[in-house]
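Residues per chain are reported as follows:
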Amino acid sequence: RLRAVVKGVGSALPNRCVTNKELEETVDTSDEWIVQRTGIRQRYIAGEGETTSTLGIRAAQAALDRAGLTPDDIDLIVCATSTPDYTFPSTATMIQAGLGCTHGVAFDVQAVCAGFVFAVSTAEKFLVSGSHKRALVIGAETFSRILDWQDRTTCVLFGDGAGAMVLEAEEQSVAAAGGNLPRGVLATCLRSDGRHRAKLYVDGGPSTTKTVGFLRMEGKEVFRFAVGQVTDVMAETFASAGITAEDLDWFVPHQANRRIIDASAQKFGIPTEKVVLTVQDHGNTSAASIPLALSVACGDGRIKPGDLVMIEAIGGGFTWGAAVLRW
Ligand code: ACO
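Reading the values: rules and limits
- Residues numbered from 1 in each chain as written.
- Predicted model: local features only at pLDDT ≥ 70, side-chain atom pairs only at ≥ 80, totals over all residues.
- Axes fitted to C-alpha atoms, helices over the stretch in contact; angles between N-to-C directions.
- Helix = DSSP H or I, 4+ residues; strand = E, 2+ residues; numbered from the N terminus.
- Parallel < 35°, antiparallel > 145°, perpendicular 65-115°, else oblique.
- Left-handed = near helix turned anticlockwise from the far one by under 90°.
- Contact = placed C-beta atoms within 7 Å.
- Nonpolar A, V, L, I, M, F, W, Y, C, P; charged D, E, K, R; others polar.
- Buried ≥ 20, exposed ≤ 12 C-beta atoms within 10 Å, placed from the backbone.
- Arc of directions from axis to C-beta.
- Pairing = 2+ DSSP bridges.
- Near = placed C-beta within 6 Å.
- Domains from an automatic or database assignment.

This next bit is on the packing of helix α3 (residues 52–67) against helix α4 (residues 91–99). What describes two packed helices is the angle between their axes and the distance between those same axes. Two numbers describe how α3 lies on α4: the axes approach to 9 Å, and their chain directions differ by 55°. Here α3 lies oblique to α4, going by the angle between them. Considering only the axes of α3 and α4, their crossing is right-handed. Residues Thr52, Ser53, Gly56, Ile57, Ala60 and Gln61 of α3 form the contact with α4, whose participating residues are Thr91, Met94, Ile95, Gly98 and Leu99. Grouping the amino acids of the contact of α3 with α4 by side-chain chemistry returns five nonpolar, six polar and no charged.

What follows is the structure, encoded as structure tokens:
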């Protein structure tokens with residue numbers, strides 16, 4: 001059967017890196033508080049001329065280079081973002097144009113921090129149906145533009161960036177894999193529950209305030225939900241992929257907070273050495289955090305062909321999901 005197989009990942013960060021120490025100069029916070037509660041040490045912040053689509057284009061081009069492909073080879077672009085350049089057109093079509101790609105289809109998906117998992121799951125369905133051959137799946141964000149920089153309870157947590165993955169539809173079978181699990185996306189599981197809107201939202205939008213708005217969050221409530229609930233999709237994804245947590249080579253969760261990541265890994269007995277952690281360097285980049293982390297771990301040789309990888313995320317809505325891929 002057709003599977004959506006990973007051909008390359010890439011990423012892009014803004015030029016400017018902002019350390020916790022630098023934030024101490026503008027808000028009443030401390031490096032110690034931020035590191036202790038979140039694990040974050042620095043984040044990248046988009047400057048003039050850097051937008052969600054420009055970061056997305058750079059990440060997409062890097063993923064194509066890694067895959068040895070060109071924009072002409074791509075017939076599907078799915079971009080996960082909650083911070084689009086414009087209300088419309090979609091960031092995906094802007095990335096398509098920026099890459100010089102004039103065929104196929106491009107659209108955005110919006111599931112906040114869970115966006116990349118939703119985008120992978122969406123693209124996988126197009127590819128295994130046979131309707132499309134090669135997809136660019138992108139997570140790109142400039143959360144710095146929706147932060148209230150006076151609000152220390154939120155502004156220290158987030159950063160900007162983009163990551164991208166090329167997926168290709170390929171015939172895969174257990175026999176061809178020598179009895180191993182086939183390569184590609186093996187299972188995905190997505191959930192949402194809109195009753196939790198008030199715990200994490202942006203207080204503006206075109207149809208309400210006609211402003212962009214600022215991110216608002218009940219941190220403790222989000223923390224509780226993230227640690228308590230996200231394990232349901234992980235358990236279901238393991239079961240539907242026919243594996244257990246012990247089989248995993250790498251766990252690449254959404255990078256929001258070190259304590260949330262540690263708690264999720266511990267619930268399944270996943271040892272720290274198998275957890276890819278980038279929150280210390282990037283902060284929470286929402287939909288970009290997983291492909292950024294994948295790009296780091298592929299770039300430094302940790303994730304190799306044949307490895308079993310779980311990605312997992314929770315975001316505003318709430319939305320949450322997980323996927324298992326064999327590299
Ligand atoms: N610097 C210094 N002090 C601060 C800061 C700051 N940046 N922010 C808050 N404080 C203070 C508070 O005012 C409070 O002071 P008080 O006791 O005098 O009232 C004190 O620190 C404790 O605040 P809490 O909110 O209780 O701190 P908590 O231990 O819950 O940590 C945090 C806050 C880090 C936000 C935590 O709740 C958390 O990680 N929540 C998850 C949120 C998250 O990850 N969101 C990301 C978006 S959602 C997602 O991606 C899944």
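Our focus in this paragraph is helix α9 (residues 258–267). Of all the positions in α9, only Ile260, Ile261, Ser264 and Ala265 are classed as buried. Summarising the axial view, the buried residues of α9 lie within an arc of 125°, below the 170-degree limit, and thus occupy one face. Looking at the packing, one finds that the buried side of α9 touches α7 (219–229), α8 (231–241), β11 (250–253) and β12 (308–315). In the stretch just after α9, Gly269 is the one whose phi turns positive, near 65°.

Okay, the sheet that holds strand β7 (residues 160–171) next. As summarised here, the arrangement of the five strands in space is β1-β7-β6-β4-β5, forming an open sheet in which the pairing is mixed. Looking at which strands have only one partner, the edges of the open sheet turn out to be β1 (2–12) and β5 (105–109). Neighbouring strand axes in the sheet, compared pairwise and without regard to direction, differ in orientation by 20° on average. Both strand β4 (residues 76–80) and β5 contribute to a ladder of five bridges, which runs parallel. Bridging from a neighbouring strand, Leu76 pairs with Val105 of β5. Packing against the sheet, α3 makes contact with β1, β4, β6 (134–142) and β7, and its axis sits at approximately 120° to β1.

This paragraph deals with the site of the ligand. Around the ligand, the surrounding shell holds 22 residues, and the nearest of these are Thr29, Cys113, Gly219, Phe223 and Ala256. Of all the elements in the fold, those that place two or more residues in the shell around the ligand are α2 (31–38), α6 (152–155), α7 and β12. A per-element tally of the shell around the ligand places α7 first, with five residues. Of the residues in the shell around the ligand, the class split is 11 nonpolar, eight polar and three charged. Residues lining the shell around the ligand come from more than one domain, with at least three contributed by each of domain 1 (2–171) and domain 2 (184–326).

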